[in-house]
Amino acid sequence: MAEHKHPNAPLTLDIPVEGMTCASCVGRVEKAIKAVDGVANANVNLATGRATVSLAPSPANPQAVAEAIRKAGYEPGDTKVELKIEGMTCASCVGRVEKALKRVPGVLDATVNLATERASIRTLGGKDAVGPLKAAVSGAGYKAEELHAHHGDHSEHARPASEAEIASLRLALMVAAIFTLPVFVLEMGSHFIPGMHEWVMETIGHRQNSYLQFVLTTIVLFGPGLRFFKTGVPALLRWAPEMNSLVVLGTSAAYGYSLVATFLPDVLPLGTANVYYEAAAVIVTLILLGRFLEARAKGRTSDAIKHLLNLQAKTARVVRNGATVEVPLEDVIAGDVVQVRPGEKVPVDGQVIEGSSFVDESMITGEPVPVQKAVGAEVVGGTINKTGSFTFKATRIGADTVLSQIIRMVEQAQGSKLPIQALVDKVTAWFVPAVMGAAALTFAIWMIVGPSPALTYALVNAVAVLIIACPCAMGLATPTSIMVGTGRAAELGILFRQGEALQSLKEVGIVALDKTGTLTKGRPDLTDFVVAPGFSETDVLKLVAAVESRSEHPIAEAIVEAAKRKGIPLATTESFDAVPGFGVSATVEGRKVDVGADRFMTKLGYSVAEFVTTAERLALEGKSPLYAAIDGRLAAIIAVADPIKPSTPQAIAALHALGLKVAMVTGDNSKTAKAIARQIGIDEVVAEVLPDGKVDTVKRLRDKFGKIAFVGDGINDAPALAEADIGLAIGTGTDIAIESADVVLMSGDLRGVVNAIALSKATIRNIRQNLFWAFAYNVILIPVAAGVLYPVDGTLLSPMVAAGAMALSSVFVVGNALRLRRFKAPIEARHEAAPVVAMKPATSAR
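The name recorded for the chain in an unreviewed UniProt entry is Copper-translocating P-type ATPase, from Microvirga terricola. Under the Sequence similarities (unreviewed entry) heading, UniProt states for the chain: "Belongs to the cation transport ATPase (P-type) (TC 3.A.3) family. Type IB subfamily."

This is how it looks when you write it as C-alpha cells:
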C-alpha cells in the first residue's frame, strides 16, 4: 500500500473506493482528494475501483483523504491488520511501537496492548500494508508477525505470555539464581555473619574473592541477563530508552565500577575501590523473577479465551464418498454432512437433516436444560450432544461459527484501549528519559554534597533510582484488568464487543429498554381464559382453537399453541368467515363459534356485561380482551398478551438499586404501555414509537438524564443501539441488532444488563487501583531511592532492594487484575428463550 522512499519524496497511497459507478464519480472523487491540503496528485481508476494518491511528506494526512472521499459520497476501503509484537516490556515500548505504526503512510489508527502483546491497525488499502507495518515495528526495535484467524484457529492469541516464553524465563531465572547465590553470600555474608569476612579472607583471599565474584557475575549478566542488553542497548543507541535500558544502565554502572575496582583500583579515590558485583547479579536475578511471575500471571489473564477454545471439537465425523471418516476440524467444509454420536461435541454450526437428540447449549445460552434437536433445527459448534445421534449439514465453519465469533469479540475487547489509558500514555512518553535524568541528577548531587566516599554514595543511589523505576506496572495497569474483566464477562454470557464499553457503561444515568423481546418474551401467550357458568374450559378452548387454527394472526397462533400444550386435539372447522377489525366465525363439529372484540359481540347481539369486572382488570393489566360465543351464548373472555419475562421485575429493581433510571420504549398504545410500566416499576414510558422514532427517543432521554444505555433485540432496534452511548443487544435477537451493539448479552435475560454494569464498575475500580499503585509507587520510591530521607534518618535504598521492589510492582498489578476472575454476578442470569425476530403483539381488536 505504501512505498518506502527517500524521506523528502512524496508518499503514495493506493486506496480502494467503494460506490463509484461512472466517469462523473471518478471526477468527483479526484476533485475531493486533490482539495485536501498536502495532496500532490490523485489518480482515480473506475475499472480497478482504486485511488492512487501522492502525499507531500508534510503535511501528510491520510485521515483527511479518507474523510474527503466520504464527503464526496463514497466509501474509502480500510483494512484491519493484527500484529503480534515481540520484545515489549513496558509502557514506553507500547508508546514507541504505536508512534512507529502511526507514522506509516495510510495508517488511520493503531492501538498496541502490552498485556496481549498485540497491535491492531486500521489502514487505508489492502493487505499490501502489512510489509510497511512490520518494517516500522522492526525499525522501532521490536519484532512483528501478522496474526491470522484461519479456520477459526485462535490458538496463536490464546496465551499472551506463551509457554515457550515462560519456560525460557524459568530456565534463565534458575541459572541466574545458581550463580548469584554464591556472589550474594560472599559479599553480604561478610557484613551480617560474624567471622564470615575473616574466613573468606583466610581461605579465598581478598583479590581472589573479587575475581570469583567477577566471573560469577559476568556469567549472570551475559548469560541469563543478556536479554536485557539485547533490547536495552539498541534502544539507547536509537535515543529511545525503555525498561530494559534502565536495567542495562543500572547493572552496567554497578558492574563497570566493580571492574575498575577489581583490575584498576589505583585510578579510584582512596577508600572507594569497593566492588558491587552482588548488586548487578541480584538485580538481574530479581528482575528475571519478576518477569517470570508476571509472564505466568499474564498467562492466567487469558483463561477465558482458553476456556472458549477448549469448547471446540478437535475432529469431526464427515460423510465422504459414501463412507464416514474422521477429519481434523479445519478440514470440514461448508455443505459437509456431519454425524454426531451421544456425548460428542458438535464440531461446527449446521442444520439437522436426520435423527434427533437433546443438546446442551449452556455455553451459548447459559440455560442448563438440554434443548431438543430434530430435523430442520439449527445446531451450534462447541455444544454437547447428550442422548441420541443425528446427522447435520455444515452451514458455518471456521471463523464463521458462533463460537469463533464469540472468541473474536472477546479478543477484540481484550485488545482495546479505554479512554482512561490516555493519561498513562502521556506520562509514559517521558517517564524513562525522566528517570534517567533523575538518576544523573542524583549522581551529581551526591558527588557534590554527599559524605565520603562521595563516589560510592553517588553510584549506589543513582543505580537504585534507575532500577526502582517501573514503567512495566504503568503499562500493565489497564490492559490486564481489561483482559480479565472481559474474560470474566464472557464466562457470565456478557460479550463486550468494544473494550471502551467497559468504561462508558459505568457512567450511564438511564437504561432504556425496548419492550418486545427485551422486557417481554417477544411472543403472544394466552394469559387469561375465563368461561361463563355452564361451560367447560376444555370444550370451549377446543372449539375456539379450532376456529383460530384457520387464522395466521399472532393472537390466533397463541390460542392454538395453548390448546396444543394442554393436549387438546384440533377439531375440523367448516364455513370459516373473518370480519376484519371485528373477529371470526366458523362452524366446528356442528356448533357455531364466534370469536372477537366486544364490538363484534355487540354487533352479533350478545351482551358482555357478565364479564365487565374481568374486562376492567385486564385493561388495568394492559391486556385487550376477546370474547367467545358458542351456539348463540357468550361462553368466555380471553386475553392474549406478550407476557413479561419472570426475571424482568427483579432486573429493574436491581437497576434502581444501582441508582439508575429505567425507561421503556414501545410501539404499543400509551394506555397499555403505562399499565405494564406500573406492574414492573418503570420510571419513564415512551409509547407509540415507530421504529424510526427510537433514535429521537434516545436523544431526548440523553438530554434529560445524561448518558444512556439502550437494550434491544430486534431489527428495528439497530439504529437506537447505535445511537445510544452504550447499546446492549439481547443475544437471542437478530444478527443486525447484535452487530449494532457495544455489548451482547448471550442469554435472553435482562438481569445480564445489571451484571454487565456491575462488572463495568468493578473493572474500572480495579484499573484505578492499579494506576494508583503504579503511579504512587514511582512517585514515592524514586525520591527515596535518590536518598531524600538520608538527611532525616539515614535511610538509603540498596539497588538490590530497589530491584525487588520493582519486580514486586508489576506482579502486584497483574495479581490485582486477576482478582476480577472471582467477580460474583449481583443476580444470577438465566436464559429465557426469545424469538429470532421480535414480534409486536396486536393492541387493537380484530
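Engineer: Would you mind showing me how to read the packing of aromatic side chains here?
Structural biologist: Taken as a whole and judged by the stated rule, the model has 14 aromatic pairs. A ring pair is formed by Phe 214 and Tyr 277, whose centres lie 6.3 Å apart and whose planes are at 55°; its orientation type is tilted. Highlighted residues: Phe 214 in helix H7 (residues 206-222) and Tyr 277 in helix H10 (residues 277-301), separated in sequence by 63 residues. Judged by its relative accessible area of 22%, Phe 214 falls in the partly exposed class. With a relative accessible area of 0%, Tyr 277 lands in the buried category. Connected via pairs of aromatic rings, a cluster forms that spans Tyr 211, Phe 214, Phe 222, Phe 229, Tyr 255, Phe 263 and Tyr 277. One residue, Arg 599, lies across the ring of Phe 582, its end atom 5.6 Å from the ring centre.

Engineer: Is there a simple way to think about helix H20 (residues 554-565) in this case?
Structural biologist: Given 3.6 residues per helical turn, the α-helix brings residues three or four places apart onto the same face. Given a rise of 1.5 Å per residue, 12 residues ought to cover 16 Å, and the 17 Å separating the end C-alpha atoms of H20 matches this to within 8%. For H20, the full list of buried residues reads Ile 555, Ala 556, Ala 558, Ile 559, Val 560, Ala 562 and Ala 563. Of the surrounding elements, those touching the buried residues of H20 are strand E20 (525-531), helix H19 (537-548), strand E24 (625-630) and strand E25 (633-641). Following H20 by one or two positions, Gly 567 has its phi on the positive side, about 75°.

Engineer: Hey, could you run me through a positive patch on the surface in this one?
Structural biologist: Together, Arg 170, Arg 296, Arg 300, Arg 765, Arg 819, Arg 822 and Lys 824 line one region of the surface with positive charge. With respect to the helices, strands and loops of the structure, Arg 819 is situated in the segment after helix H30 (799-818).

Engineer: Would you mind going over the sheet that holds strand E6 (residues 107-113) with me for this structure?
Structural biologist: Each strand in a sheet pairs with its neighbour through backbone hydrogen bonds, running either in the same direction (parallel) or in the opposite one (antiparallel). A sheet is described by the order of its strands in space; here four strands give the open sequence E6-E7-E5-E8, paired in antiparallel fashion. Edge positions in the sheet fall to E6 and strand E8 (143-146), since each of these pairs with one other strand and no more. With strand direction ignored, the average angle separating the axes of adjacent strands in the sheet is 25°. As defined by bridge partners, strand E5 (residues 78-86) adjoins strand E7 (residues 118-124) across seven bridges and the pair is classed as antiparallel. Bridge pairing in E7 places Lys 80 opposite Arg 122. Relative to E6, helix H3 (residues 91-102) is tilted by about 165°, and along the sheet it contacts E5, E6 and E7.

About the criteria used
Residues numbered from 1 in each chain as written. Predicted model: local features only at pLDDT ≥ 70, side-chain atom pairs only at ≥ 80, totals over all residues. Heavy atoms only, no water. UniProt positions renumbered as here; feature names shortened; annotations may be inferred. Phe/Tyr/Trp six-rings, centres within 6.5 Å; stacked < 30°, edge-to-face > 60°. Helix = DSSP H or I, 4+ residues; strand = E, 2+ residues; numbered from the N terminus. Buried < 20%, exposed > 50% of the residue type's maximum accessible area, 1.4 Å probe, protein only. Lys NZ or Arg CZ within 6 Å of the ring centre and 35° of its normal. Expected span 1.5 Å × (residues − 1). Contact = heavy atoms within 4.5 Å. Patch = residues over 30% accessible without salt bridge, like charges linked within 9 Å, V, L, I, M, F, W, Y side chains within 5 Å. Areas by Shrake-Rupley, 256 points an atom, 1.4 Å probe, with all protein chains shown as cover. Salt bridge = Lys/Arg side-chain N within 4 Å of Asp/Glu carboxyl O. Lys, Arg positive; Asp, Glu negative; His and termini not counted. Charge placed at Lys NZ, Arg CZ, Asp CG, Glu CD. Pairing = 2+ DSSP bridges. Axes fitted to C-alpha atoms, helices over the stretch in contact; angles between N-to-C directions.

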